[in-house]
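# What the coordinates show
The primary structure of each chain is shown beneath.
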Amino acid sequence: METPEIGSLTAHSPQESQFVGSSSGVFFINVVRRAFGSSSSEFPQAEDTIVGSEEFAPPNKQEETPVSRWEYDPTIACVLGQAPPQQLARDLMMVYFKVWHPLFPFLHGPTFLHAMESLYAEKDESQPHDVSKNKHNTSWTTIFQCVFHLASLISPGSQLPPECRIQSPIGASIHSLLTPLTARHDLLSLQALLASQLYLVATMSLRTASTVGGCMLRSMLHAGLHRCPFRYRELSASSQHRHLRKRIFWSAYALDRYLSQALGLPLGVQDSDVDVCPPGSPEVHKPLQHLPLPDTSSPKPSESETEQAKKEGPFASYVQSGKLTGQALELFHKSIYVRHISQTSVLVLTTAVHRWWNSLDLPPSPPPSTTSISLSSSGQRQNHIPSIDETPFNYTPFFTILYHHLLLLLHRPALSLPNTTPEFASALQSCISAARHILLALKAQRDSGQALFWPGFLSAAWMAGLVLAFACQLGQYVLVKGCGEISTCLDFLRVMSTQWEPAKHCHRALSLLLRAVSRLDETNIPATINQPASNQNLEEAPSTRKKRRVDPSSSSSYLHSADSLESGLPTGRETGGDRIGEGGPSAEGNGTLTEGQQQGRDLEWDHSLDLDMNMVDLLQEGNFDSLMDLFGQQYPTF
């Protein structure tokens, strides 16, 4: 039985709305009222009989987008910093709208420009000084500072002055923004919450971002953004305003899907609760028949809507990948009491991922930049990224990494099966292919001079390195290729370590795995899937291991010497086949490092990266015979 019950949406202004769902009984109350023919103003609103009224400022029907005179809120500026100089603000704004806005278009460009003009305009002393009382000061201050900081993260040549920077630690102070921004359910407050959440995601403050997202999603539900804005005549008649509501919702949806996967948490909003048409798709809704004076004209995509759908291409593609990510989480990572994974469901989801990828209209990968990013021994960029105005941003490597990361997410659960099963073998080979494509896409992104702006790059690189090390340890991948590609992965992790703290821990962990994998050929023990090579090598008596003679050239072909030295990784000659974390044999006669030299070298590298030694100790004491523990722990995130 299908019932026609729907919720009720009340718009106090073009910017502010309230939603009450049909399960509250609001629809039935109105049915009863109409049955009695009561339409007088004496009958209270159905919403007031259920939820109660809340105090709101007088509605402003004229102002579609509040960008009247405003100034930085001093209480917010104490946390997020002061406004930067005008020229710097313009440059950072251009960077943001070039890189971040196409993926998360929750702001309206012309409105943002108008607000910037208002901020930096010369103040007319003859005008009444009511700017400080503007209720939108808090939201605009948050939006502007987060936009400027997001741009500065990927624009090394445009750094904010100290007084304009967000105070650290941001996780301890960001909560002070939640109270003023969640007190109302207007669009500007939601945009401010989205801007702050996107900044937290970009800096990998993921738990704080998830907390902000939880508050924001509740505010969005209260405002009814999960319902199609084209259904309600109470909203602004402007099509632009309705499309902005959709963009705000889908931006929050995409961030929620990323955080749910990265933190391993349940989805914030279910697909079955959403009836908003996704971006890039034609609008199929129209006002419902029970509403007064319904518009019965069938929607036809106009030329402007077609052009808008084209502009929203990256946004639509990313939202669709978020939907697929959510489906994977619902399939593989529900409670163990209700989890049921069939081969058919996995095949259907994998087909959907391939269909999404094949339908993308992506330009060719960006060519290598004339100003490439070279790495110094300390992992710092020696040449800055070219100006954002010089070349358009190419999202082909981004979506390539996203696609193969999705494939890893689909095939990774099978890697916890017994390694003698065909399901395990098939999934491992699929993961190897995805890992190699991730490294190629990261190389294209780096060589073209484009910033590694998205934190998902770190998760993809880390998981790719784990997959390759796992395959090499099981003897299912060529050691020569595997060790070389793991070294390449370490290079990317080292670059990312200057931007994200978890990359340092990933680099250290993968360095230890590479050191273990590089010894597999030295010991000349077969590495088969039925009998992992390291079982005997890592568990035999220390005296036996120290008696073994090592061919000085046995491991040199598997490690790039320059990469190994820059990474602080000992070659096979230095390790001498010993257990990870132990010193090698005496340096007398065989050219290897002494135990003290080896430990000193490791400590020097650990100190240079400021590592968490508790994590390192855990890895050193671990049994590397089975790397499935690392897959199960998902450290730091997948």
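Everything below is about the structure shown above.
What counts and how
- Residues numbered from 1 in each chain as written.
- Predicted model: local features only at pLDDT ≥ 70, side-chain atom pairs only at ≥ 80, totals over all residues.
- Heavy atoms only, no water.
- Helix = DSSP H or I, 4+ residues; strand = E, 2+ residues; numbered from the N terminus.
- Buried < 20%, exposed > 50% of the residue type's maximum accessible area, 1.4 Å probe, protein only.
- Areas by Shrake-Rupley, 256 points an atom, 1.4 Å probe, with all protein chains shown as cover.
- Axes fitted to C-alpha atoms, helices over the stretch in contact; angles between N-to-C directions.
- Parallel < 35°, antiparallel > 145°, perpendicular 65-115°, else oblique.
- Contact = heavy atoms within 4.5 Å.
- Nonpolar A, V, L, I, M, F, W, Y, C, P; charged D, E, K, R; others polar.
- Core = buried A, V, L, I, M, F, W, Y, C linked by side-chain atoms within 4.5 Å.
- Salt bridge = Lys/Arg side-chain N within 4 Å of Asp/Glu carboxyl O.
- Disulfide = S-S within 2.5 Å.

What follows concerns the overall build of the chain. When its secondary structure is counted, the chain shows 26 helices and two strands. For the chain, the residues scored as buried account for 53% of the 638 residues in total. Accessible surface, the chain: about 29,200 Å² in total, of which carbon and sulfur atoms supply 53%.

Taken N-terminus to C-terminus, the directions of helix α8 (residues 175-182) and helix α10 (residues 206-223) make an angle of 5°; their axes are 11 Å apart at the nearest point. Classified by the angle between their axes, α8 and α10 sit roughly parallel to one another. Where α8 abuts α10, its residues H175, L178 and T182 lie against T208, T211, V212, C215 and S219. When the residues that make up the contact of α8 with α10 are grouped by side-chain class, the tally is three nonpolar, five polar and no charged.

This part is about the environment of A328. Looking at the secondary structure, you find A328 in helix α13 (residues 313-332). Since its relative accessible area comes to 0%, A328 is described here as buried. With 18 residues separating them along the chain, A328 and V346 place their C-alpha atoms 8.6 Å apart. Non-local contacts of A328, meaning those with residues more than four positions away in its chain, are made with H333, L349, L409 and L410.

Moving on to the nonpolar core. The tendency in soluble globular proteins is for nonpolar side chains to be buried side by side. In terms of nonpolar packing, the biggest core is built from 151 residues, with W100, F453 and W454 touching the most fellow members. In terms of residue count, helix α17 (residues 456-473) provides more of this core than any other element does, 14 residues in total. Once you skip the residues sitting within four places of it in the chain, W100 turns out to touch V95, L150, A151, I154, L198, A202, Y395, F453 and W454. Among the nonpolar cores identified, the runner-up in size contains five residues, and L9, A11, F19 and L235 belong to it.

Time to look at the pattern of salt bridges. One pass over the full model with this rule turns up 10 salt bridges. E501 is the partner of K504 in a salt bridge, and the nearest nitrogen-oxygen pair spans 3.4 Å. One salt-bridge network, in which partners are shared between bridges, spans D256, R257 and D271.

Our next topic: the state of the cysteines. As enumerated under the stated definition, the model contains zero disulfides in all. Take C277: it sits in no disulfide, and the sulfur closest to it among the cysteines is that of C228, at 5.4 Å. Look at C277 and you get buried, because its relative accessible area is 6%.

Bringing unusual backbone geometry into the picture now. Outside of glycine, negative phi angles account for most residues, and trans bonds account for most peptide bonds. Located in the positive-phi region is M204, a residue other than glycine, with phi close to 60°. Positionally, M204 belongs in the loop between α9 (187-202) and α10. When its relative accessible area of 15% is taken as the criterion, M204 is described as buried.

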